Amino acid sequence: MSELDQLSINTLRLLAVDAVQKANSGHPGAPLGDAPIAYLLFHKLMKHNPKNSKWSNRDRFVLSNGHASALLYSVLHLSGYKVTIEDLEQFRQWGSKTPGHPEYGHTDGVECTTGPLGQGFSMAIGMATAEKHLAAIYNRDQFPIVDHYTYGILGDGDLMEGISHEVASLAGTLELGKLIFFYDDNLISLDGPTDLSFTEDVKKRFEAYHWQVLEVHDGNDLVALEAAVAEAKKETKKPTLIKVRTVIGYGSPKAGTNKVHGEPLGAEGVKETKKNFGFPEDKNFYVPEEAAKNWAKSVENGAKYETEWAELFAKYKEAYPAEAAEYERVFAGKLKEGWEKSLPTWAADSKPVATRTAGNLVMNAFAKDVPEVFGGAADLTASTKTIFKDSANFHVDPKGRNVFFGVREFGMCAMVNGMSVHGGVIPYGSTFFIFSDYCKPALRLSALMNAHATFVFTHDSIAVGEDGPTHEPIEQLIGLRAIPELIDLRPADANETAAAWRVALEVKAPHFLALSRQDLPLLDPAKLDIYEGVKHGAYVVEKGGESPDLIIIGTGAEVWTAIKGAAELAKEGITARVVSMPSTKLFDKQTDAYKESILPAAIPKLSIEAGATLGWWKYVGSTGDVIGLDRFGASAPGGLVLDKLGFNAANVAAKGKAIVEKAAALAK
């Protein structure tokens, strides 16, 4: 290693140390140990342009052990991204660009939100999956316009998390040869030595997953690290794990101990560390001129890399204008003009159809016009019906749009997030709604990143029936609605399902669709503007006269129970408006005037949904009532379970009548 290399690495180390010390919060250990890896990647090996962090063919870097964020922010600053010394000085402070863990869309150069261990690793695998698919779609002889690597660093904690097993196994199966991860093997976890809880043979584990595993015995050996990456690139099918022995807190008084993992070094510890590296002890956030000039080469190299690619793409555009236009469109995140005309509609007198079945028909209808939709199910394709019938299995043919994720719900959703932030695809993942519990941490990060991704959850209620309470969702709807910015879509019929998919593709945000197993009747598209209704979150499906006595709000299949209940009330001279509310999130975003037009404050309200009652009281108020479930379901035919638990017209009528009578009594 040259003196300049060493100076540049130590500069990186000490910027991270100073950021943590000034904040009096953070993790200095991993940055001190991993700085040589970060330097090698950002300064020498990666194709990236700090002045255009969204260049589509850049190499991606994911810091899965996101608690080492001070390392990432420091390397982004030194490399020329929009991260200033002042930003480093504001590490972990209110309103800063340098939050405690990396956040996608918040800090220039951060590829995805990491910190919850194992998810960054998983998203990187999603990125590599997207790269392989897009390369197969767009590349032509002499024109490798999609040709980049996904790099990352992970630690022991990432590998302890169960999700790492899910995705590492799948990455080997998918033969993601352009995925290269460095394993920071420092033998220390937060509680102490890793052998307290982690004694597995990582090398054998990853080899069993069909990864190439290489070893570097000294994390400060730049020559060995670079040689390992060169060796990794020779293997074009297997992903590579480079197992690197590092020293946590290298160069500090607490080096090699858990005391340096998650707390500042302290004023004296910082001085001693700087002294050990030959830096001025009284200077904070110090960047020697020689180091700054050396790091600045990243900007020069980045401009060269992108220019070379742009020249190649210009020639590609001449030779393949249609493909080039499509590439530019999908990476711009724009849908093809008029694509929505491909969506099917169902007449009101059509045969009843389950919304999961309708979902499949919708997907295959828009398949040709929205080729960027890409994904699959967690070994439930036949049940969730989320498959493109005229496309191949991605593993067999990378051009294929169908990814068979296997029984890996959490890993699937995290990979979908990675595909989304990679760009060029609109990904989806699918499983039974009850198993969204396994997906929850990934759904939360999807919302935090505002990823354009769709999660299709079928078998959405106690109507699942015979499988019983273990497979019958109760609290899942309200639980996922509680996640900020995650948009819920629970359609009442096939037409609302088509509208829900349209919203999910048009609105750049994460969405989940909750779809029925059972067949449902059809709303009348000739009388209702169903797309606009779904887009606004709620709309009137039965007016109930100019001045109804009651408003019944339903979602999904329960809209039909509400309609039947309204018919029963009419026999008793009570008029009821029926409102379908496929999305509480979208409805809550509407103007007060729109909300009042759908749910006038003066009219009493009853809601019905086959899920937890929590959350519905804000719509029905203290004078209304809720038909829902605050208990688990039961094993029996679905229709019988619904009936026994009160999801029938008679109960709707009885509850509705009681509400109207109560309102009348209060008015006297």
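Residues numbered from 1 in each chain as written. Predicted model: local features only at pLDDT ≥ 70, side-chain atom pairs only at ≥ 80, totals over all residues. Heavy atoms only, no water.

### Some remarks on the overall build of the protein chain
When helices and strands are counted, the protein chain shows 26 helices and 20 strands. In terms of C-alpha radius of gyration, the protein chain reaches 28 Å, essentially the compact-globule figure of 26 Å for 668 residues. Projected onto its principal axes, the C-alpha coordinates of the protein chain cover approximately 90 × 60 × 45 Å. Counting every position in the protein chain, which comprises 668 residues, the buried fraction comes to 59%. In the protein chain, the proportion of contacts linking residues at least 24 apart, taken out of those at least 6 apart, comes to 77%. For the protein chain, the exposed area adds up to about 25,400 Å²; of that, 52% sits on carbon and sulfur atoms. One finds the centroid of the 70 positive side-chain charges in the protein chain at a distance of 2 Å from the centroid of its 85 negative side-chain charges. (Helix = DSSP H or I, 4+ residues; strand = E, 2+ residues; numbered from the N terminus. Rg over C-alpha atoms; globule rule 2.2 N^0.38 Å. Buried < 20%, exposed > 50% of the residue type's maximum accessible area, 1.4 Å probe, protein only. Contact = heavy atoms within 4.5 Å. Areas by Shrake-Rupley, 256 points an atom, 1.4 Å probe, with all protein chains shown as cover. Lys, Arg positive; Asp, Glu negative; His and termini not counted. Charge placed at Lys NZ, Arg CZ, Asp CG, Glu CD.)

### Overview of the pairing of strand β17 (residues 550–554)
Summarising burial for β17: five of the five residues are buried, a large majority. Alternating residues of β17 divide into Leu550, Ile552 and Gly554 and Ile551 and Ile553, and every residue in both groups is buried. Two elements, β17 and strand β18 (residues 576–580), share five bridges in a ladder whose sense is parallel. Considered in β18, the bridge of Ile552 is made with Val578. Note on the crossover from β17 through helix α21 (residues 558–570) to β18: the handedness is right-handed. Where β17 meets strand β19 (residues 605–608), four bridges bridge the pair, whose relative direction is parallel. (Pairing = 2+ DSSP bridges. Right-handed = clockwise from strand over helix to strand, strands pointing away.)

### With respect to the layout of surface pockets
Each pocket or cavity is described by its volume, and for the largest pocket that value is around 520 Å³. Along the walls of the largest pocket sit 27 residues, with Phe331, Gly333, Ser420, Gly423 and His452 positioned nearest its centre. The dominant element in the lining of the largest pocket, judged by the number of residues it contributes, is helix α13 (residues 321–332), at four residues. Its residues assigned to classes, the lining of the largest pocket shows eleven nonpolar, eight polar and eight charged. Counting contributing residues, the lining of the largest pocket receives three or more from each of domain 1 (3–304) and domain 2 (339–514). (1 Å grid on protein atoms, 1.4 Å probe; cavity = no way out; pocket = protein on both sides within 12 Å on 5 of 7 lines; lining within 4 Å. Points joined across faces, edges and corners; volume = space filled by probe spheres on them. Nonpolar A, V, L, I, M, F, W, Y, C, P; charged D, E, K, R; others polar. Domains from an automatic or database assignment.)

### A short note on the side chain of Glu372
Examined against the element boundaries, Glu372 turns out to sit in the loop between α14 (355–366) and β9 (373–377). Setting aside its immediate chain neighbours within four residues, Glu372 contacts Arg329, Val330, Lys334, Leu335, Gly424, Val425 and Ile426.

### As for the UniProt feature "binding site: Mg(2+)" (unreviewed entry) in the protein chain
As recorded in UniProt, the feature "binding site: Mg(2+)" (unreviewed entry) lies at Asp156, Asn186 and Ile188. Maximum C-alpha separation among the annotated residues is 8.2 Å over a sequence range of 33 residues, consistent with a single clustered spot. The exposure class of Ile188 is buried, given its relative accessible area of 11%. (UniProt positions renumbered as here; feature names shortened; annotations may be inferred.)

### Here's the deal with the pairing of strand β7 (residues 240–245)
Successive side chains on a regular strand alternate, one facing one side of the sheet and the next facing the other. The element β7 is largely enclosed, with a buried count of five among its six residues. Strand direction decides the pairing type here: strand β6 (residues 212–216) and β7, joined by five bridges, are parallel. Considered in β7, the bridge of Gln212 is made with Thr240. As for the winding sense of the linkage, the β-α-β connection from β6 through helix α9 (residues 222–234) to β7 is right-handed.

### What about empty space enclosed by the protein?
This model, assessed by the stated rule, comprises five cavities of 30 Å³ or more. In this structure, the largest cavity spans a volume of roughly 80 Å³. Split into classes, the residues belonging to the lining of the largest cavity amount to five nonpolar, five polar and three charged.

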